[in-house]
Amino acid sequence: MSYEIIEKLKKEIAGYKEDPKWQAVGAVVETADGIARVSGLTGALSQELLEIDTPSGKISAIAFNLEEESIGAIVLDEPSKVAVGARVRGTGVVLSLPVGDALLGRVISPLGVPVDGKGVLVGDNNTPLARSPLERSAPDVVSRESVREPLHSGIKAIDAMIPIGRGQRELIIGDRQTGKTAIALDTILNQKNEKKRTICIYVAIGQKQSKLAQIERRLREQGAMEYTVIISAPAGAPAPMLYLAPFAGATIGEFFMDRGEDALVVYDDLSKHADAYREMSLLLRRSPGREAYPGDIFYLHSRLLERSAKLDEAHGRGSLTALPIIETKLGDVSAYIPTNVISITDGQIYLESDLFYQGVRPAVNVGLSVSRVGSSAQTKAMKKVAGKLRLELAQFRELAAFVQFASDLDEATRSKIARGELLTEVLKQADGSPQPFYHTVPLLYAALNGYMDGLARDTVRDFERRFIEYLDLRHKEDVITPLADTGVLDDKTEEALKHAITQFKAL
Amino acid sequence: MKTSPRIYAKAFLSALGLGVSEELAIKRLKQSLVKRGEHARIVEVTEEVEKLMVNEKGGKVVVIEFARAQDAKARKNMLDLFDKKDRVITKINPRLVAGLRVLRDGEWEYDMSLNAKLEKILP
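Residues numbered from 1 in each chain as written. Chains lettered and ligands numbered in written order. Predicted model: local features only at pLDDT ≥ 70, side-chain atom pairs only at ≥ 80, totals over all residues.

Can you tell me about the interface of chain B and chain A, naming the residues and giving the values?
Contacts between the two partners involve twelve residues from chain B, matched on the other side by 14 residues from chain A. Considering every element that reaches the side of chain B that touches chain A, the biggest residue donor is strand S4 (residues 108-113) of chain B, with five residues. Here the side of chain B that touches chain A is composed, by residue class, of five nonpolar, two polar and five charged. (Contact = placed C-beta atoms within 7 Å. Helix = DSSP H or I, 4+ residues; strand = E, 2+ residues; numbered from the N terminus. Nonpolar A, V, L, I, M, F, W, Y, C, P; charged D, E, K, R; others polar.)

Next up, the structure:
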């Protein structure tokens, strides 16, 4: 082994050709808080990767502010290593990230460095992975097609009423501790049940290391890490790392999208991303605007989320779906960053603290949640069954205030309230147990067509479990398989389903 | 907002150009730096003044870093390569391991050190 290394070294030295030339350099004139001000390097490009000489080797920085007399650069390593007077060189390249199948199952930093202790990233035959730039223009209009394939989240309320399509950007918004991350994780877990594999990228921005370790363990235990990449920019990381993390996620997603595959990227969360960008911008002395965010905060998120797309046939038909997460304060969706991201995305799943504490989990507020493009991507069977679900729940919400006077109400109102309560109970779902759509469709069919009327609220869970077991055991051929294969509830399958429900109720 | 050393240097030279005496110009430059809390940058400003003065006469400020001390003859041979208008400064930098590195006007570098070669071979 050592002989091989020596031979390789000899080969490298023998092949070395001296080519010294004049190179533009600059010098650090000021450094603080992860920001270095560099004089010289007048030809530097915006976002160019710079190298700063330090006693312990070269460290990287990104040219961020190109000013008349100096460059404001963000340091990508331990900022305390940078000293005033240190020499700085341009590299002529922008920041890039290694991309490839080797990333699957790994936890990496926003710079593509593995942080899971499982060794370096190498491609096939131990070759280095190809690199892709972090910042890239979004696919143009011509190369896109409309969103029309469903991406099942495995969450009954979402798949039925707020469907997500491949290539869509669906915001998950809500206060702290309302189950935002849980929805994103369930969506990742549910991809295991899908026929068409979706590569998942979970971008943790400003999360606690302990929470990230839990997420990684949960995904690994449930076999989801096989198709998942985690990008870790924890709360203790410098602001530039938090800023870069979502762009790294988009870059990895684009790699799979360009190969014609489907990818899902979860940005958890963009509120912390905006805060990190605000911190950097203020340190770079950019003018503060509303809530001290810089003027280009909208552009920051729009250019990130515009990279999600469904490509047309000529470009391989790949897709990149985005699930950005935004944390609100006391349910205020009209704050600056939430309204920005709401206006950029193709819909939002709004989670409410009150519902969460009432035991409605996932705590989705059906009235305020919407999917602007997802309905054309919804599985036909689900569309057929859940069409009137939203209406029934809306009618229930209107009458909900009268629930306590139920005995004094007329029969029609009472039945509407009862149906609403039943549907609310049916849509409840435990954390970490995504349900395939071919189980959700028969269940909702039973609930919406009166087969579950009269069922006590505390028995709904048990009914659901037994009903799905029964369908899997006795009606796999005539109900489950046709639904799973075609995604359509045709007359024949519907008849078989009706028959199955009647038989089950008679048991 | 801190003022760049180049701005101070340009202001200083234009004052001299307007006929202000050297002592007065230096005194006012120092006062200006102290007033703005930037007195620690006097070295940078001085270097910039030197660079602009040399550039004005058609020369360049050249810093040559050697890995180790040179004998007088070798040093003279090296200095003879430059124009009389150039301001040549020599320094010793053991981190270069061997060879030398030239910096022109603080903005262009020509690195012929062994350290640079090793970094290229073993990045």
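Back to the text.
Please give an account of the domain arrangement of chain A that cites residues and values.
Each domain of chain A was delimited in the assignment, giving domain 1 (24-93), domain 2 (98-378) and domain 3 (383-506). A separation of 61 Å is found between the C-alpha centroids of domain 1 of chain A and domain 3 of chain A. (Domains from an automatic or database assignment.)

Break down the sheet that holds strand S11 (residues 198-205) of chain A for me, with residues and values.
All names here are of chain A. Pairing is mixed in the open sheet, where eight strands are placed in the order S8-S12-S11-S13-S14-S10-S15-S16. Bordering the open sheet on either side are strand S8 (107-108) and strand S16 (370-371), each of which pairs with just one other strand. Here S8 pairs with strand S12 (residues 228-233) via two bridges, running parallel. Paired with Ile 108 across the strands is Ile 231, a residue of S12. Along the sheet, helix H6 (residues 270-283) contacts S11, strand S13 (262-268) and strand S14 (319-327); its crossing angle with S14, the most-contacted strand, is approximately 75°. Its contacts with the sheet place helix H8 (residues 336-344) against strand S10 (171-174), S14 and strand S15 (347-351), and it is angled at close to 160° to S14. (Pairing = 2+ DSSP bridges. Axes fitted to C-alpha atoms, helices over the stretch in contact; angles between N-to-C directions.)

Can you lay out the packing of helix H7 (residues 297-305) of chain A against H8 of chain A for me, pointing to particular residues and giving the numbers?
Residues and elements named next belong to chain A. Packing of H7 against H8 leaves a shortest axis separation of 10 Å and a crossing angle of 35°. Every pair of crossing elements has a handedness; the one defined by H7 and H8 is right-handed. Each of Ile 297, Phe 298, His 301, Ser 302 and Leu 305 in H7 lies in contact with H8, whose residues at this interface are Asn 340, Val 341 and Ile 344. Among the residues making up the contact of H7 with H8, the classes are represented as five nonpolar, three polar and no charged. (Left-handed = near helix turned anticlockwise from the far one by under 90°.)

A description of the confidence of the model for chain A should follow, citing residues and the corresponding values.
In this model, chain A carries an average pLDDT of 92, and 99% of its residues clear a pLDDT of 70 or more. Within chain A, no element has a lower average pLDDT than helix H1 (residues 2-14) of chain A, which sits at 79, and none a higher one than S14 of chain A, at 98. (pLDDT = per-residue confidence, 0-100.)

Provide a residue-level description of the environment of Leu 33 of chain B, including the pertinent values.
Residue and element names in this part refer to chain B. Mapped onto the elements of the fold, Leu 33 is located in helix H2 (residues 22-35). Look at Leu 33 and you get partly exposed, because 18 C-beta atoms sit within 10 Å. Once the C-alpha coordinates of Leu 33 and Ala 69 are considered, the two residues, 36 residues apart in sequence, prove to be 36 Å apart. (Buried ≥ 20, exposed ≤ 12 C-beta atoms within 10 Å, placed from the backbone.)

Describe helix H4 (residues 209-221) of chain A, naming the residues involved and giving the relevant values.
Residue and element names in this part refer to chain A. Helix length check: H4, at 13 residues, gives a terminal C-alpha distance of 18 Å against a target of 18 Å (1.5 Å per residue), a fit within 8%. Taken as a whole, H4 has its buried residues at Leu 212, Ile 215 and Leu 219. Here the buried residues of H4 occupy an arc of 60° about the axis, which is enough to place them on one side. Turned more than 90 degrees away from the buried face of H4, the exposed residues are Ser 210, Gln 214, Arg 217 and Glu 221. Close packing links the buried residues of H4 with helix H3 (180-190), S11 and S12. Gly 223 lies just past H4 and shows a positive phi near 75°. (Expected span 1.5 Å × (residues − 1). Arc of directions from axis to C-beta.)

Now, about the confidence of the model for chain B: what can you tell me, with residues and values included?
Averaged over all residues, the pLDDT of chain B equals 89, while 98% of them reach at least 70. Here the predicted complex carries an ipTM of 0.82, next to a pTM of 0.89.

Could you give an account of helix H15 (residues 476-486) of chain A, naming the residues involved and the relevant values?
Each turn of an α-helix holds 3.6 residues, which means side chains three or four residues apart point in the same direction. Residue and element names in this part refer to chain A. Buried within H15 we find Val 479, Ile 480, Pro 482 and Leu 483. Buried positions along H15 lie against helix H10 (380-386), helix H13 (437-448), helix H14 (460-474) and helix H16 (491-506). Phi turns positive, to about 75°, at Gly 487, one or two residues after H15.

Explain the domain arrangement of chain B to me, using residue names and the numbers behind them.
According to the domain assignment, chain B consists of domain 1 (5-56) and domain 2 (61-121). Placing the centre of domain 1 of chain B and that of domain 2 of chain B at their C-alpha centroids yields a distance of 28 Å.

Can you lay out the nonpolar core for me, pointing to particular residues and giving the numbers?
Membership of the largest hydrophobic core comes to 140 residues, with the highest contact counts inside it found for Ile 62, Ala 73, Val 203, Ile 231, Val 265, Val 441 and Leu 444 of chain A. The greatest single-element share of this core, amounting to 13 residues, is contributed by helix H5 (residues 239-258) of chain A. Among residues more than four places away in sequence, those in contact with Ile 62 of chain A are Gln 47, Leu 49, Leu 50, Ala 73, Ile 74, Leu 76 and Leu 95 of chain A. Grouped together as the second largest cluster of nonpolar side chains are six residues, Tyr 8, Phe 12, Val 45 and Val 49 of chain B included. (Core = buried A, V, L, I, M, F, W, Y, C linked by C-beta atoms within 7 Å.)

Would you mind going over the pairing of S12 of chain A in detail, with residue names and values included?
In terms of burial, S12 of chain A is a largely internal element, six of the six residues being buried. Where the polypeptide runs from S11 of chain A across H4 of chain A and back to S12 of chain A, its parallel neighbour, the crossover connection is right-handed. (Right-handed = clockwise from strand over helix to strand, strands pointing away.)

How would you summarise the packing of helix H11 (residues 389-399) of chain A against helix H12 (residues 411-426) of chain A if you had to cite specific residues and measurements?
Residues and elements named next belong to chain A. At a minimum axis separation of 9 Å, H11 and H12 run at an interaxial angle of 115°. Once H11 is placed against H12, the crossing between them reads as left-handed. Between H11 and H12, the residues in contact are Leu 389, Glu 392, Leu 393, Gln 395, Phe 396 and Leu 399 and Thr 413, Lys 416, Ile 417, Arg 419, Gly 420 and Leu 423, respectively. Split by residue class, the contact of H11 with H12 holds six nonpolar, three polar and three charged.

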